[in-house]
Amino acid sequence: MILMKWIELILSFECNCRCIVCPSSLQPASSKMSFSEIDGWLEYGLARGAEAVWFGGGEPTIHADLIASIERARELGYRQRKIQTNGLRFAYQPFAKRCLQAGANLFAMSVKGPDAKTHDGITQNPGSFAHLTKGVENLVAQSALVEADILITRENHQPNLLSFWNDLIVGH
Ligand code: SF4
C-alpha cells in the first residue's frame, strides 16, 4: 500500500484568473470533481495515512463544494486543511470567515508580483492584486495561518517581491 502524509485534491481546473504562466484554463470543464468524488479521495488518503489535505486547482474557492469538503476533511480527522488560492474571494470577509469556521487552517496565497501592475499583468485580471492583498489582510486579522506561494518569473523579478509579501503577512 502507498503511504502518504498529504493528499492534494484538484477540485477543478476552473479559475477566475488567466495567468500567462498557467495552462489551467485550457483544461476541459469535465475535470471538475463532484462532492462524492472529493469525499472518496478524502477517504482514500485517510486509509493510506494522510493527515493533511490540500485543496487546489484551478481555483478551489470557486468550487461550489469547497466549504462542505473542508468540513468533511475535519470530520474525518485531517489535522491540516489547506487552501491553495489566488486569494480573490478572501477579500470578502464573510467568505474568509466561512472557510475558517468550516475548518480551513492553512492558506497558501498565489503571488505573482509586489504591485498591481506586475501582479495583474500576469494574472490578466485587473484588480486581482487589490483583492489578494485585502484577502491576506482579512485572514491575518483573524489569526489565520497564511503563506505566500511566490512564483518568480522574468516579468516579476524585482527586489521587493519577497519583502512586500513578508511585510504584509508577518508584519501584522
Ligand atoms: S490563479 Fe493559479 S490556477 Fe488560476 S490561472 Fe493563475 S496560476 Fe493558474
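Keep in mind that this is a model prediction, so the values were computed, not measured.

## Re unusual backbone geometry
So, point 1. In this structure, Gly58 follows Gly57 across a cis peptide bond, with omega equal to 25 degrees.
So, point 2. Among the secondary structure elements, Gly58 is positioned in the loop between strand S2 (52-56) and helix H2 (66-76).
So, point 3. Here the phi dihedral of Gln124 falls at roughly 55 degrees; this positive angle occurs in a residue that is not glycine.
So, point 4. Its place among the elements puts Gln124 in the loop between helix H4 (116-123) and helix H5 (128-141).
So, point 5. Looking at Gln124, the number of C-beta atoms within 10 Å reads 12, which means it is exposed.
So, point 6. For Ser143, which is not glycine, the phi dihedral falls at a positive 60 degrees.
So, point 7. Inspection of the secondary structure puts Ser143 in the loop between H5 and strand S5 (146-150).
So, point 8. Residue Ser143 is classed as exposed on the basis of its 9 C-beta neighbours within 10 Å.

## Observations regarding the nonpolar core
So, point 1. Ranked by size, the top nonpolar core spans 28 residues in total, and within it Leu9, Val53, Phe55, Phe107, Met109 and Leu139 carry the most contacts.
So, point 2. Counting only elements with at least two residues in this core, the list comes to strand S1 (6-10), helix H1 (35-47), S2, H2, helix H3 (93-102), strand S4 (106-111), H5 and S5.
So, point 3. Three or more residues apiece are contributed to this core by two domains, here domain 1 (1-13 + 32-75) and domain 2 (86-172).
So, point 4. Apart from the residues within four sequence positions on either side, Phe107 is in contact with Ile83, Thr85, Leu139, Ala144, Leu145 and Val146.

## Here we look at the site of the ligand
So, point 1. Taken together, Cys15, Cys17, Arg18, Cys19, Cys22, Ser24, Gly57, Gly58, Glu59, Asn86, Ser110 and Thr123 are the residues near the ligand.
So, point 2. Class assignment for the residues of the shell around the ligand results in 4 nonpolar, 6 polar and 2 charged.
So, point 3. Taken domain by domain, the shell around the ligand gets at least three of its residues from each of domain 1 (1-13 + 32-75) and domain 2 (86-172).

## Regarding the packing of H2 against H3
So, point 1. At a minimum axis separation of 8 Å, H2 and H3 run at an interaxial angle of 25 degrees. Looking at the two axes, H2 sits roughly parallel to H3. Only Arg98, Cys99 and Ala102 of H3 make contact with H2, whose side of the interface consists of Ile67, Ile70 and Glu71.
So, point 2. A class-by-class count of the residues in the contact of H2 with H3 yields 4 nonpolar, no polar and 2 charged.

## Concerning the domain arrangement of the protein chain
So, point 1. For the protein chain, the assigned domains read domain 1 (1-13 + 32-75) and domain 2 (86-172).
So, point 2. Put simply, the middle of domain 1 and the middle of domain 2, counted by C-alpha atoms, are 22 Å apart.
So, point 3. Each partner contributes to the interface: domain 1 provides 7 residues, whereas domain 2 provides 7 residues.
So, point 4. Per-class residue counts for the side of domain 1 that touches domain 2 are 3 nonpolar, 1 polar and 3 charged.

Definitions and limits used
- Residues numbered from 1 in each chain as written.
- Predicted model: local features only at pLDDT ≥ 70, side-chain atom pairs only at ≥ 80, totals over all residues.
- Helix = DSSP H or I, 4+ residues; strand = E, 2+ residues; numbered from the N terminus.
- Buried ≥ 20, exposed ≤ 12 C-beta atoms within 10 Å, placed from the backbone.
- Core = buried A, V, L, I, M, F, W, Y, C linked by C-beta atoms within 7 Å.
- Domains from an automatic or database assignment.
- Contact = placed C-beta atoms within 7 Å.
- Near = placed C-beta within 6 Å.
- Nonpolar A, V, L, I, M, F, W, Y, C, P; charged D, E, K, R; others polar.
- Axes fitted to C-alpha atoms, helices over the stretch in contact; angles between N-to-C directions.
- Parallel < 35°, antiparallel > 145°, perpendicular 65-115°, else oblique.

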